[in-house]
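The lines below spell out each chain.
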Amino acid sequence: MRLSARIAVILCAIGFAPLNAASAETVKVSWAAEPYPPFTSPDASGKWQGWEVDFMNAVCTKAKLDCVITPIAWDGIIPALTSKKIDLIISSMTITDERLKTIDFSDKYYDARAAIVGPRETKFDATPKGLKGKLLGLQVASIHQRYAQKHFADSVAGIKEYQTLDEAQQDLVAGRIDAIQADSFAMVDFLKTPAGACCEIKGYAAKDESVLGHGVGVGLRKGETELKGKINTAIKAIRADGTYQAITKKYFDFDIYGD
Amino acid sequence: MLDDHTSAVVHEPSHRLMSLATPQALVKPALLVLFLALIGYYGEWNWIADYWRLLLHGIAVTLALLVSSSIIGFVLALLLGVFQVTGPRTLAWPAQAFCTIIRGTPLLLQLWMLYFGLGAVFAQYPEIRSSFVWPYLREAWPYALAALVFSFAGYVGEVMRGAFAGVPKGELEAARAFGMSRRKMFLRIWLPRAVQRVLPVLTGEVILQLKSTPLVATVTMTDVFAVVAKVRQDTYLTYEPLILLALIYVVLTAILARLLRLCEARVTGN
Amino acid sequence: MFDISLLSLTPPGWGATLLDGFANSLTLASGGYAIGLLLGTAGALGKLNGNAFFREALETYTTVVRAVPELVLILFLYYAGTDAMNRLLAALDIPAVDVGGLAAGISVIGIVQGAYSTEVLRGAILAVPYGQIEAAKAYGMSPLRILWRITLPAMLPFAIPGLANLWLIATKDTALLAVVGFRELALATRQAAGTTKDYMLFFTTAGAMYLALTIVSSLVIKMVERRVTRRLAVAHA
């Protein structure tokens, strides 16, 4: 084999595949490369599992898309989308006006509330007054970060930003922060674990749709209307044929779609 | 932006201007100006107005970590070096093991191990949680500082071992012949000679240490890297914040290299 | 305190996932190291023989890479590198390529390593007595042949300590890809630790794996060094 041919083979083998027409139906789906149960978390064999993994499989099957999973760090997931490293974000990302300036979203596929969680032994509520003097932990680049910045920044002792939610949870257990603001479903799942026994939901952040957004959607690049149409149709279809409800039943005892 | 930088070239002292007049010498400034003009023209930079305070604060945190970890790390490295060369077995062996472990594993892992691993272990003991050190152990900086100190000490300790071992025996014997005490001999002859020998390596290690500092952002410290990460998340820009960050580090490295070279010249000059 | 069963190779043990991450780290390190050597050889020759423009460009490359933290370079190349490359390809009217995570990771490590290799190899080539190359020229050897038969073998003993050090750096730099979400050993460890909350166990295990890699590498390096210096001694005798 000639050297150039050999190099080409090696390049293909390690993943430099030319983009051609045949791969047009292949889409790279991404979620944050971190444990985020019960939506996306790696099991002991390294395979991803959870509600959102099942949801993605159902949507991709319905939309006849060949979906390849490409997890990426949460704080880089939007740049990765805009620079075409990935094609879809299915990572419990809330549709917000802020994000809509940069990327597009499908219709919402579930809706969580912003919960404030703290240790059982201290009593406080989810208001600026309740959080006075507390050290609040949350995930970077999340709606909760913007919300806390806007509503709690003046009353809390400080806001500590974590790369991943599981790190914030770890520090809550370790007593390094006094409270966490995060999506309610993820926090409920954590509170059910042995580590989470320390803590409870203190309340929910008061509504502010301009920051807390309009439910969780699939993130896509602007201008990909065809793909967006396919995804929206698929979400409607799996909700209509009961697939969505069957998946939800595996992880929750209530409907997470919201109203 | 273009005007700024061309004028910066023109304002050079006249003898420099002469040397810049050859085509080869102009290549680099021309490339730099072209590069800055391109990113200035195509990029979106208005976010700097909102973030410059935070950026300065981040740079201060980075420099504070660099200076404190280098100084404490150097003192620890001296001990590690001396123990390995002259120490009793009981000290030489752990010192060597420490250097091997630090140099053999990624700093990122050491940092996570200290912050998440050890931090969680501390939190399990009510004695620690109710003690006076807990308010400090709750914070991220002790762990970040410790990881940077250990890392610096591990690498420099190995350098110092060689440096101590490499001081000519004759000099030490001469000192002993003068009737110097062990302590005096160490402080007057052995230590300065050893440090002098490895000064260029040490300055290199300090620059490497600067390049290690951004890792602390992964354990919630807000150094300059973390500030730029925040800009990236707030603005969703791919290129501009990272280009600025790279520029900041290039400038910091250049200043640091110059300062260290000055120190070096002064020390070797004596 | 430690639940060792979490390390077993079959679920619920995370052993296989850690080993998988370790294999990824090794692939990244060796692939990146190889690309770094290629870039370094080209860079060293370019710095020594290229024209002014080329030399300045290479100087900028090595200076910037060595002045900017690896973590920043990795973020930049990982997120922006593919995009920039495809824009460039589009400008040249070449179809875009799809760069997978592993390929991107290898390229990133390779580009960083290349800058350091350039300096190591440049120094080593400069250390080769010029008479040897001149003699080869006098024999009428082609420049490529001189490079392959004289310069590269003659500079090897001077380059080995630096190159060996670069390999050790490459193995540890792979951990930085955890920050962009590439599942090598460090990220696999963090995911395992985050899921099971057994941080100390997993971090200690991963540390031992990295340490074993370093120690084995050092032994191999020592063997190679001994062999090369012996051959050098024979050649000089």
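Residues numbered from 1 in each chain as written. Chains lettered and ligands numbered in written order. Predicted model: local features only at pLDDT ≥ 70, side-chain atom pairs only at ≥ 80, totals over all residues. Heavy atoms only, no water.

If you look chain C up in an unreviewed UniProt entry, it shows as ABC transporter permease subunit from Azospirillum endophyticum. As its UniProt record puts it under Sequence similarities (unreviewed entry), chain C is described as follows: "Belongs to the binding-protein-dependent transport system permease family. HisMQ subfamily." (UniProt positions renumbered as here; feature names shortened; annotations may be inferred.)

You'll find chain A entered in an unreviewed UniProt entry as Transporter substrate-binding domain-containing protein, with Azospirillum endophyticum given as the organism.

Attention now moves to the interface of chain C and chain B. Facing the 37 residues of chain C at the interface are 34 residues of chain B. Between chain C and chain B, the buried area comes to about 3,300 Å², and carbon and sulfur atoms account for 80% of it. For the chain C face of the interface with chain B, the top three residues by lost area are Lys172, Met200 and Phe203 of chain C, together amounting to 17%. Connecting chain C to chain B are one salt bridge. (Contact = heavy atoms within 4.5 Å. Buried area = accessible area lost by both parts, 1.4 Å probe. Salt bridge = Lys/Arg side-chain N within 4 Å of Asp/Glu carboxyl O.)

To continue, consider the UniProt feature "domain: Solute-binding protein family 3/N-terminal" (unreviewed entry) in chain A. Per the UniProt record, "domain: Solute-binding protein family 3/N-terminal" (unreviewed entry) is found at residues 26-255 of chain A. As a span, residues 26-255 of chain A carries 33% helix and 23% strand, and end to end its C-alpha atoms are 31 Å apart. (Helix = DSSP H or I, 4+ residues; strand = E, 2+ residues; numbered from the N terminus.)

Okay, the nonpolar core next. Ranked by internal contacts, the top residues of the largest apolar core, which has 204 residues, are Trp51, Phe55, Tyr109, Tyr110 and Ile231 of chain A together with Met160 of chain B. Counting residues per element, this core draws most heavily on helix α9 (residues 141-166) of chain B, which supplies 12 residues. Counting contributing residues per domain, this core is built from domain 1 (21-111 + 215-251) and domain 2 (114-212) of chain A, each supplying no fewer than three. Once residues within four sequence positions are removed from consideration, Trp51 of chain A is found in contact with Pro38, Phe39, Tyr109, Tyr110, Tyr244, Ile247, Thr248, Tyr251, Phe252 and Ile256 of chain A. (Core = buried A, V, L, I, M, F, W, Y, C linked by side-chain atoms within 4.5 Å. Buried < 20%, exposed > 50% of the residue type's maximum accessible area, 1.4 Å probe, protein only. Domains from an automatic or database assignment.)

On to the sheet that holds strand β7 (residues 104-110) of chain A, then. Residue and element names in this part refer to chain A. Spatially, β5-β2-β6-β13-β7 is the arrangement adopted by the five strands of the open sheet, whose pairing is mixed. Two strands in the sheet have a free side with no partner beyond their single neighbour: β5 (66-69) and β7. Judged from the two bridges that link them, strand β6 (residues 88-89) and strand β13 (residues 216-220) form a sheet pairing that is antiparallel. Bridging from a neighbouring strand, Ile89 pairs with Gly219 of β13. (Pairing = 2+ DSSP bridges.)

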